[in-house]
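Analysis of the macromolecular model
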Amino acid sequence: MAFLSFSAPSYHAESLVSRYSLRHSSFPLNESRSRFQLSGVVKCDMNESLKFENGKPCVPVLNDRTLPSFLESRRMEKSVSRNIDRLKIFSGTANPTLSKEIAWYMGKELGKINIKRFADGEIYIQLEESVRGCDVYLVQPTCPPANENLMELLIMIDACRRASAKTVTAVVPYFGYARSDRKTQGRESIAAKLVANVITKAGADRVLACDLHSGQSMGYFDIPVDHVYCQTICSNDLVVVSPDVGGVARARSFAKKLSDAPLAIVDKRRHGHNVAEVMNLIGDVKGKVAVMVDDMIDTAGTIAKGAALLHQEGAREVYACCTHAVFRPSSNREADKRPVSRGDHYKHNSDTGEKLLPTVDCSFSCKPVGGNHLAHP
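We now turn to the structure provided with this report. In every chain, residue numbers begin from 1 and rise along the written sequence. Given that the model is predicted, a residue must reach a pLDDT of at least 70 before its local features are reported, and side-chain atom pairs must reach 80 or more before they are shown or counted; all residues, however, enter totals for whole chains, interfaces and linings. Hydrogens and waters are ignored; side-chain quantities use all the structure's heavy atoms.

Here's the deal with the pattern of salt bridges
Test applied: Any Lys or Arg side-chain nitrogen located within 4 Å of an Asp or Glu carboxyl oxygen qualifies as a salt bridge. Numbering of helices and strands runs from the N terminus; a helix is a DSSP stretch of H or I covering at least four residues, while a strand is a stretch of E covering at least two. Only protein chains enter the area calculation, which uses a 1.4 Å probe; residues under 20% of their type maximum are buried, those over 50% are exposed, and those in between are partly exposed.
Overall, the coordinates contain 10 salt bridges when judged by the stated rule. Linking E152 and R117 is a salt bridge whose minimum nitrogen-to-oxygen distance equals 2.8 Å. Highlighted residues: E152 in helix α5 (residues 146-162) and R117 in strand β6 (residues 113-117), separated in sequence by 35 residues. Looking at E152, the relative accessible area reads 0%, which means it is buried. Among the ionic pairs, D226 bridges to R206, the shortest N-O distance being 3.2 Å. Of this pair, D226 sits in strand β11 (residues 225-228) while R206 sits in strand β10 (residues 206-210), and the two are 20 residues apart along the sequence. Given a relative accessible area of 27%, R206 falls into the partly exposed group. Within the structure, one salt-bridge network assembled from shared partners comprises R117, E148 and E152.

As structure tokens, then:
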């Protein structure tokens, strides 16, 4: 290992040496040098020995393009570590279990964040680590209580934006107010558009949502939206059933993944909010296993009446699966009466479904869906 000392003399020191040498020429050169010690000496630790040309050391030239090996290796190490820490995942209080599963699936740890509520209900959020120049993902579904979780998401976005994050992606597996996507009567609000505007204005750069109630909700955002589907693959000899006309596209996409399974549609008419009446069935389900695919189950009225109709039409077994298991307390009565063999749902809201509906046999985690899209945006 060789050591090299670079001297950076100032103009004033050089002029002083030259004038002193002219007036006192009798002093030897070495003596005059020893009396003046120049400042600005930098000591470099070099792993490689210096190259000598004609008996003189050849010092590497530093410019914008090339660096000596002992500096280049150090720069590469810093760049690699910087790229590894560029992606950060933070979790709100809506579903920390899902956030931990997504982070574990990606081989990362959740970012440190401080979330607390004051006595009057106000929310306080502080990021406990730097996110400057990082791609930040905030996992916060707006499940019940929807207003609390939505406000918490907005404050998290604002905190990341003020901390100079490069990009902020709101991972919202359950998008609240998605059912208020159009006007069915006069003087109604379109809350889905309002929530989309609020998330955009808060500073989000992208939104990741699972199984939106309707596809047109993506157009409400002025920022990119990644709409993913949480679907399970079932056995053969089945028919995919859409519980309403609005879910035909979702059921058709699900049927294509099952080797183009046959499709049936339940025609229903609504007389009010959360009230459904089944009219008739479009398609053949006689002697087959019927799988009803829906985006959410709220009161289970649609699923209960749809399952009853499928049994009347000769279905051998009836299964129900959904992404958003809201499961309000009133749905318990409907679920107990429904002729459904098994109910599956994705866990991304909370454990409310299992507590209210013990008849729900199976639940899946959507961590692979969220993790894959976070790793490959």
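A short note on the sheet that holds β10
What counts here: Whether two strands pair depends on DSSP finding at least two bridges between them. Interaxial angles span 0 to 180 degrees and are taken between N-to-C directions of axes, which are lines fitted to C-alpha atoms, for helices over the stretch in contact. Whether two residues are in contact is decided by their heavy atoms: any pair within 4.5 Å suffices.
Spatial strand order, β5-β8-β9-β10-β11: five strands in an open sheet with parallel pairing. Two strands close off the open sheet at either side, each with one partner strand: β5 (87-91) and β11. With strand direction ignored, the average angle separating the axes of adjacent strands in the sheet is 20°. Set on the sheet, α5 makes contact with β5, β8 (135-139) and β9 (167-172); between it and β9 the angle comes to about 165°.

Description of α5
Under the convention used in this document: One less than the residue count of a helix, multiplied by 1.5 Å, gives the span that helix is expected to have.
Helix length check: α5 (17 residues) gives 24 Å between terminal C-alpha atoms against 24 Å at 1.5 Å per residue, within 8%. Among the residues making up α5, those that are buried are N149, L150, E152, L153, L154, M156, I157, A159 and C160. Where α5 is buried, its residues touch β5, β6, β7 (123-127), β8, β9 and α6 (191-202). Within two residues after α5, S164 carries a phi angle of roughly 65°, on the positive side.

Notes on unusual backbone geometry
Residues P144 and P145 are joined by a peptide bond in cis, for which omega reads -5°. Within the fold, P145 resides in the loop between β8 and α5. Although it is not a glycine, Y177 sits at a positive phi angle of roughly 65°. Given a relative accessible area of 36%, Y177 falls into the partly exposed group. With phi around 50°, D211 is a residue other than glycine that occupies positive phi space. Among the secondary structure elements, D211 is positioned in the loop between β10 and β11. Overall, the relative accessible area of 2% leaves D211 in the buried class.

A word on the environment of L212
With respect to the helices, strands and loops of the structure, L212 is situated in the loop between β10 and β11. Apart from the residues lying within four places of it in its own chain, the contact partners of L212 are F175, S217, M218, H227, R250 and D295.

Quick word on the packing of aromatic side chains
Just so we agree on the cut-off: Pairing of aromatic side chains requires ring centres within 6.5 Å, counting the rings of Phe and Tyr and the six-membered ring of Trp. Pairs whose planes differ by under 30 degrees are stacked, by over 60 edge-to-face, and all others tilted.
What the rule picks out here adds up to two aromatic pairs. Each ring, one from F118 and one from Y124, has its centre 6.2 Å from the other, and the planes form 70°; the classification is edge-to-face. Using a relative accessible area of 41% as the deciding quantity, one classes F118 as partly exposed. Centre to centre, the rings of F175 and F221 are 5.6 Å apart; their planes meet at 55°, and the pair counts as tilted. With F175 in the loop between β9 and α6 and F221 in the loop between β10 and β11, the pair connects residues that are 46 residues apart, well separated along the chain.

Some thoughts on the pairing of β9
This is how it is decided: Crossovers are described as right-handed under a simple rule: with the strands pointing away from the observer, the path leading from the first strand over the helix to the second runs clockwise.
Where burial is concerned, most of β9 is hidden: five out of the six residues are buried. With five bridges connecting them, β8 and β9 associate as parallel partners. Across the sheet, residue V136 finds its bridge partner in β9, namely V168. Between β8 and its parallel partner β9, the chain crosses via α5, and the hand of that crossover is right-handed.

A few points about the side chain of T142
The condition is simple: In protein, a polar contact requires one atom able to donate a hydrogen and another able to accept it; more generally it is a pair of N or O atoms within 3.5 Å, and residues adjacent in sequence count only if both atoms are side-chain atoms.
If you trace the backbone, T142 turns up in the loop between β8 and α5. Assessed through its relative accessible area of 4%, T142 is described here as buried. A polar side-chain atom of T142 sits 2.8 Å from the main-chain carbonyl oxygen of Y174. Beyond its immediate stretch of four places on either side in the chain, T142 contacts N149, L150, V172, Y174, F175 and G176.

With respect to the nonpolar core
Using the following cut-off: What we call a nonpolar core is a set of buried Ala, Val, Leu, Ile, Met, Phe, Trp, Tyr and Cys residues that are connected through their side-chain atoms within 4.5 Å.
Residues V136, L138, I157, F175, I199 and F221 are the most contacted members of the largest nonpolar core, which totals 34 residues. Those elements that provide at least two residues to this core are β7, β8, α5, β9, α6 and β10. When residues in this core are grouped by element, the largest group, seven residues, is from α5. Sequence-distant contacts of V136, defined by excluding residues within four places in its chain, comprise K88, F90, V131, C160, A165, T167, V168 and T169. Among the nonpolar cores identified, the runner-up in size contains 20 residues, and V239, V266, A290 and A307 belong to it.

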